[in-house]
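# Structural features, examined
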Amino acid sequence: MSRNKKMGINSNIQYKDVFDERGVNKIKQFRTPVIKEIPEFISTFDYVWKYGDTFWKLAHRFFQNKNYWYVIAQINNKPTESHVEIGETLKIPIDIYEILQVLR
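Think of each chain on its own: its residues are numbered from 1, step by step along the sequence as written. Local features in a predicted model are, by the rule used here, given only for residues with pLDDT of at least 70; side-chain atom pairs are given and counted only at 80 or more, and totals for whole chains, interfaces and linings are based on all residues. Processing note: side-chain calculations cover all non-hydrogen atoms of the structure and skip hydrogens and water entirely.

Right, let's get into unusual backbone geometry. Even without glycine at this site, Gln64 takes up a positive phi of about 60°. Residue exposure (1.4 Å probe, protein chains only): buried if accessible area is under 20% of the type maximum, exposed if over 50%, otherwise partly exposed. Judged by its relative accessible area of 59%, Gln64 falls in the exposed class. Positive phi is not limited to glycine here, since Asn77 has a value of about 50°. For the purposes of this entry, the term helix denotes a DSSP run of H or I that reaches at least four residues, the term strand denotes a run of E that reaches at least two, and both are numbered from the N terminus. Here Asn77 shows up in the loop between α3 (69-75) and β4 (89-93). With a relative accessible area of 35%, Asn77 lands in the partly exposed category.

The next subject is the pattern of salt bridges. Every case where a carboxyl oxygen of Asp or Glu lies within 4 Å of a side-chain nitrogen of Lys or Arg is listed as a salt bridge. This model, assessed by the stated rule, comprises two salt bridges. Close ionic contact of Lys91 with Asp46 constitutes a salt bridge, the shortest N to O distance being 2.7 Å. Of this pair, Lys91 sits in strand β4 while Asp46 sits in strand β3 (residues 44-48), placing them 45 residues apart in sequence. Between Lys78 and Glu88 there is a salt bridge, with its nearest N and O atoms 2.7 Å apart.

Considered for burial, the residues of helix α2 (residues 55-63) that qualify are Phe55, Leu58, Ala59 and Phe63. In a view along the axis of α2, the buried residues occupy a sector of 100°, so they form one face of it. By definition in these notes, contact holds between two residues if any of their heavy atoms fall within 4.5 Å. Structurally, α2 contributes buried residues whose contacts are with β3, α3, β4 and α4 (96-103). At the exit of α2 stands Gln64, carrying a positive phi of roughly 60°. The arc refers to the directions leading from the helix axis to the C-beta atoms.

All right, on to the nonpolar core then. Membership of the largest hydrophobic core comes to 20 residues, with the highest contact counts inside it found for Phe55, Phe63, Tyr68, Val71, Ile72, Ile96 and Ile99. Sorting the residues of this core by element identifies α2, α3, β4 and α4 as the ones contributing at least two each. Discounting residues that sit within four places of it in the chain, Ile72 has contacts with Phe55, Leu58, Ala59, Phe63, Leu90 and Ile92. Only buried Ala, Val, Leu, Ile, Met, Phe, Trp, Tyr and Cys residues count toward a nonpolar core, and they belong to the same one when joined by side-chain atoms within 4.5 Å.

Take the packing of aromatic side chains next. Aromatic rings from Phe, Tyr and Trp, taking only the six-membered ring of Trp, are treated as a pair when their centres fall within 6.5 Å; an angle between ring planes under 30 degrees marks them as stacked, one over 60 as edge-to-face, and anything in between as tilted. The final tally for this structure, using the stated rule, is four aromatic pairs. Ring geometry for Tyr47 against Phe62: centres 5.7 Å apart, planes inclined by 70°, an arrangement best described as edge-to-face. Highlighted residues: Tyr47 in strand β3 and Phe62 in helix α2, separated in sequence by 15 residues. Exposure remark for Tyr47: the relative accessible area of 6% places this residue in the buried category. Under the relative-accessibility criterion, Phe62 is labelled partly exposed at 24%. Pairing Trp69 with Tyr70 gives two aromatic rings, centres 6.3 Å apart and planes at 85°, and the pair type is edge-to-face.

Written as structure tokens, this is what we have:
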């Protein structure tokens, strides 16, 4: 999966004050692709989101690689951590390599 294909450029005038403050003309944003359904053959377990959790911390904990944070975001249709509430249940894939094949 090429991340460049999933990047948007935000140069909207409504952000002019933010751009001026930061000294930039535009901001590159990566979009998290949405998976409508987790295939039945993908085994997951439930994880309850706690205070201080982040996708990258969970990826490091469960996959031993923080770079797989986007997998947790995608299968739960949560673009960022701010879309998850404390106490909310997320699906975590048991086999990272199995879900990576589906995402590619």
